[in-house]
Amino acid sequence: MAFLVSLLAATIRLATPIVFAALGEIITELAGILNLGVEGIMLMGAFAGFWGAYQTGSLWLGVLLGILVGALMALLMAFMSVTLRVDQVISGMGIYFLGLGLSSFLYRVTFGVRTVPPTIEGFKEAPIPLLSRIPFLGPILFQQNILVYLAILLTPLLVLVIHRTTLGLMIRATGENPRAADTLGVNVSLIRYLCVVLGGILVGLGGVVLSTAHLKMFWENMTVGRGFIAVAIVYFGKWHPYRTFAGALLFGGAYALQLWLQALGAPVPHQLLLMFPYILTIAVLAMVARGAKGPAALGVPYKRGEA
Amino acid sequence: MRLRIEERPVPSPLTRVLASIVAVFMALALGSILIVMAGANPLVAYRALFYGAFGSVHNLAETVVKAVPLLLVGLGITIAYRCKVWNIGGEGQLIVGAIAATWLGLALGWMPATLLLPLIVVSSFLAGALWGGAAGALKAKLEVNEVIVTIMMNYIAIYWLNYMVRGPMKDPTIAGGFPMSPLISPAAEFPRLIRGTRLHAGLLLALLGVVLTYVFLFKTSWGYRVRAVGANPEAARYGGINVLGSVLLAMSLSGGLAGLAGAGEICGLHHRLLDGISTGYGYTGIVVALLGKLHPFGVILAAFFFGAMVVGMEAMQRTIGTPFALVIAIEGLVVLFSLVGDVLVKYRIRGD
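Residues numbered from 1 in each chain as written. Chains lettered and ligands numbered in written order. Predicted model: local features only at pLDDT ≥ 70, side-chain atom pairs only at ≥ 80, totals over all residues.

**Side note on the overall build of chain A**
Next, step 1: Summing up its helical and strand segments, chain A has 13 helices and 0 strands in all.
Next, step 2: In sequence order, chain A lays out its α and β elements as α-α-α-α-α-α-α-α-α-α-α-α-α.
Next, step 3: Seen along its three principal axes, the alpha-carbon backbone of chain A occupies a region of about 60 × 45 × 40 Å.
Next, step 4: A burial count over chain A gives 51% of its 307 residues as buried.
Next, step 5: Restricting to contacts in chain A with at least 6 residues of sequence separation, those with at least 24 account for 77%. (Helix = DSSP H or I, 4+ residues; strand = E, 2+ residues; numbered from the N terminus. Buried ≥ 20, exposed ≤ 12 C-beta atoms within 10 Å, placed from the backbone. Contact = placed C-beta atoms within 7 Å.)

Below you can see the structure in the form of structure tokens.
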């Protein structure tokens, strides 16, 4: 039982970066922009969050810097895809390379080459009084760090905004049929800019979680594909936050299981265990892809007065 | 006189080439800001880069050595992107090609080179083609997003490589154990082209690849179909073109060319399998293809340019300590500025 509790607690903890990144990608895609630069934005967020926390000694300033950098990277994506209307797949790759290269470069420049990598204290578990004492569920859900709680709260909030508010309606209209939305007076470009940047903030936060709550350090390409996995989970979640959260848990579980098997000294080479989340991603995509129809105008640039 | 902006009817090839060159210069200009951040003088840094890439016969040969895998991967990416299949799996496809080449070079070392070399070339092409073709099949049959699948397959290939050089293919004679395979048979080595340098016959293979890619894309009906699907899949389907087959073909050829790059790195250069058999060639190859405007001849120039960037940046890191990761950031900037350039050449400024 104690083992199951710790495995499930680890599942939620390890799912958190992907939850943030995937929720960010949902907002972005619902407005009709396919942002494949998530991995690069996450890396920039992870670096900025770590650097901020290390330099100022304040974790929250680190978080702030991380989401600010995420927003800036996303602003670049928005400019390319909304204002210049370039191919979103290619501009996403550009953002990915830029984020990958820039985060590694800045890390080397700011911290130099050291034998022992710099670390920070990082976010610690903050048990919620009373709730954390509930048997079984308490240690799984309520003895986590504060960013985990934030992810759990953000998911229903996003459902509310997307499905119960006028803004949510405008976002979905923009992604489904920008021409109709435009005719009805929705500012398509503004909505798209807003959603891409909001999405970037969440993606950046996903990166911050990795460097300030999980590993408490930064290294080159530390996301190792989590940004792309987040995009895959959006397909799995069919652009709905709850389903997407569940998908992220699936991957949190995969990471937790892999760590547990490694710690246990399972007679499987650990490189093969490390493959597991990637194989799972392909399997999940292959199962859901055909039925997963995203917003109708996803990835299509919008230009007024063009058929 | 009033200036106004109007759309060009058709951007000429010359303006498009010019746009690529401007994109490179813009990226390097922004890169110089990063160099300043690293505490170096950009002029000194770029001079070190230039000397490192072109300063001597040896340096120039190294530039071409790095350009060879970039050229092969870039050609593969060109075929895929012409079909609008977004392969970012060049890294993984190169790695499985390298594993296949090493395995044959070790297992069939008794064969004469005249038999073994063609066998290795064909096998590593097939290995890459299968790795890429798997993603192509998932896309064609199940509409699975190939961007994500190919990235996932890169990581699978990387961990598989890490496992091979520590497990089944590990050189038992190296005590303590650097993770690497034994040396392949001399019969499996590509000949060197210039004495005293590492320039190897993989270059000829890559140049042959340029010709074959050109012929395939522009002179065969298969290539025509691949391009038609890329231009407009609906219209292609309506016109009776086998869209699924074209996607699968484009992805397989794309992976196959990357697999060849893997064989080149093993047989031409390292002669054994290592963890770092590819230092991001699969990713840089994408930038090479895009900068080369998805044309085989353009890809030659772009591959040479990025070969020089990689060699030059290594020299820059050695001499003035500017981190090598700068080259990846500049790659991202080149992609973005190329896109901006494509938008700008659609317009021109006229004075009335």
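Having put the structure on the table, let's press on.
**A short note on the packing of helix 1 (residues 2-30) of chain A against helix 9 (residues 188-214) of chain A**
Any two packed helices are characterised by how steeply their axes cross, that is the angle between the axes, and by the distance between the axes.
All names here are of chain A.
Next, step 1: The geometry of helix 1 relative to helix 9 is characterised by a closest axis approach of 7 Å and an angle of 170° between their N-to-C directions. Looking at the two axes, helix 1 sits roughly antiparallel to helix 9. Counted together, Thr16, Pro17, Ile18, Phe20, Ala21, Leu23, Gly24, Glu25, Ile27, Thr28 and Leu30 of helix 1 and Cys195, Val196, Leu198, Gly199, Gly200, Leu202, Val203, Leu205, Gly206, Gly207, Val209 and Leu210 of helix 9 form the full contact between these two elements.
Next, step 2: Taken together, the residues of the contact of helix 1 with helix 9 break down into 15 nonpolar, 7 polar and 1 charged. (Axes fitted to C-alpha atoms, helices over the stretch in contact; angles between N-to-C directions. Parallel < 35°, antiparallel > 145°, perpendicular 65-115°, else oblique. Nonpolar A, V, L, I, M, F, W, Y, C, P; charged D, E, K, R; others polar.)

**With respect to the confidence of the model for chain B**
Note: predicted coordinates in regions of low pLDDT should not be interpreted at a detailed level.
Next, step 1: With 99% of its residues at a pLDDT of 70 or more, chain B has an overall mean of 93.
Next, step 2: Interface confidence for the predicted complex, expressed as ipTM, amounts to 0.94; the pTM equals 0.95. (pLDDT = per-residue confidence, 0-100.)

**Structural notes on unusual backbone geometry**
Next, step 1: In this structure, Trp239(A) takes a positive phi of about 65° despite not being glycine.
Next, step 2: By the element assignment, Trp239(A) lies in the loop between helix 10 (226-236) and helix 11 (241-264).
Next, step 3: With 21 C-beta atoms packed within 10 Å, Trp239(A) lands in the buried category.
Next, step 4: Phi at Lys293(B) takes a positive value of approximately 55°, unusual for a residue other than glycine.
Next, step 5: Secondary-structure assignment places Lys293(B) in the loop between helix 11 (281-291) and helix 12 (296-320).
Next, step 6: For Lys293(B), a count of 19 C-beta atoms within 10 Å translates into the label partly exposed.

**Looking at the interface of chain A and chain B**
Next, step 1: Every contact between the two is made by 39 residues of chain A and, on the other side, 38 residues of chain B.
Next, step 2: Looking at the side of chain A that touches chain B, the elements that each hand over two or more residues are helix 4 (88-111), helix 10, helix 12 (270-274) and helix 13 (276-288) of chain A.
Next, step 3: At 15 residues, helix 4 of chain A tops the list of elements feeding residues into the side of chain A that touches chain B.
Next, step 4: Considering only residue class, the side of chain A that touches chain B consists of 29 nonpolar, 7 polar and 3 charged.

**Focus: the environment of Ser20(B)**
Residue and element names in this part refer to chain B.
Next, step 1: Among the structural elements, serine 20 can be located in helix 1 (residues 13-37).
Next, step 2: Linking serine 20 and valine 340, residues 320 residues apart in sequence, is a C-alpha distance of 9.9 Å.
Next, step 3: Ignoring any residue separated from it by four or fewer positions in sequence, one finds serine 20 in contact with Leu291, Lys293, Ser338 and Gly341.

**Points about helix 2 (residues 38-56) of chain A**
The periodicity of an α-helix, 3.6 residues per turn, causes residues three or four places apart in sequence to face the same way.
Next, step 1: An ideal rise of 1.5 Å per residue puts 27 Å on 19 residues; helix 2 of chain A measures up with 26 Å between its terminal C-alpha atoms.
Next, step 2: Gly57(A) sits one or two positions beyond helix 2 of chain A and adopts a positive phi of about 75°. (Expected span 1.5 Å × (residues − 1).)

**Regarding helix 5 (residues 113-142) of chain B**
All names here are of chain B.
Next, step 1: If you check helix 5, its first and last C-alpha atoms are 42 Å apart, about what 30 residues at 1.5 Å a residue would give, namely 44 Å.
Next, step 2: Most pronounced at glycine 133, the bend in helix 5 amounts to some 25°.
Next, step 3: Positive phi shows up at glutamate 143, right after helix 5, with a value of about 55°. (Bend = angle between axes of the 7 residues up to and from the residue.)

**Brief notes about the packing of helix 11 of chain B against helix 13 (residues 326-344) of chain B**
All names here are of chain B.
Next, step 1: For the pair helix 11 and helix 13, interaxial distance at closest approach is 10 Å and the crossing angle is 25°. Comparing the axis directions of helix 11 and helix 13 gives the class roughly parallel. Note on packing geometry: the crossing formed by helix 11 with helix 13 is left-handed. Seen from helix 11, the contacting residues are Thr284, Val287, Leu290 and Leu291; seen from helix 13, they are Glu331, Val334, Val335 and Ser338.
Next, step 2: Here the contact of helix 11 with helix 13 is composed, by residue class, of 5 nonpolar, 2 polar and 1 charged. (Left-handed = near helix turned anticlockwise from the far one by under 90°.)

**A short note on the pairing of strand 2 (residues 347-351) of chain B**
Residues and elements named next belong to chain B.
Next, step 1: The buried fraction of strand 2 amounts to 0 of the 5 residues, a small share that puts the element mostly on the outside.
Next, step 2: The pairing of strand 1 (residues 3-7) with strand 2 spans 5 bridges and is antiparallel. The residue bridging isoleucine 5 from the neighbouring strand is isoleucine 349, located in strand 2. (Pairing = 2+ DSSP bridges.)

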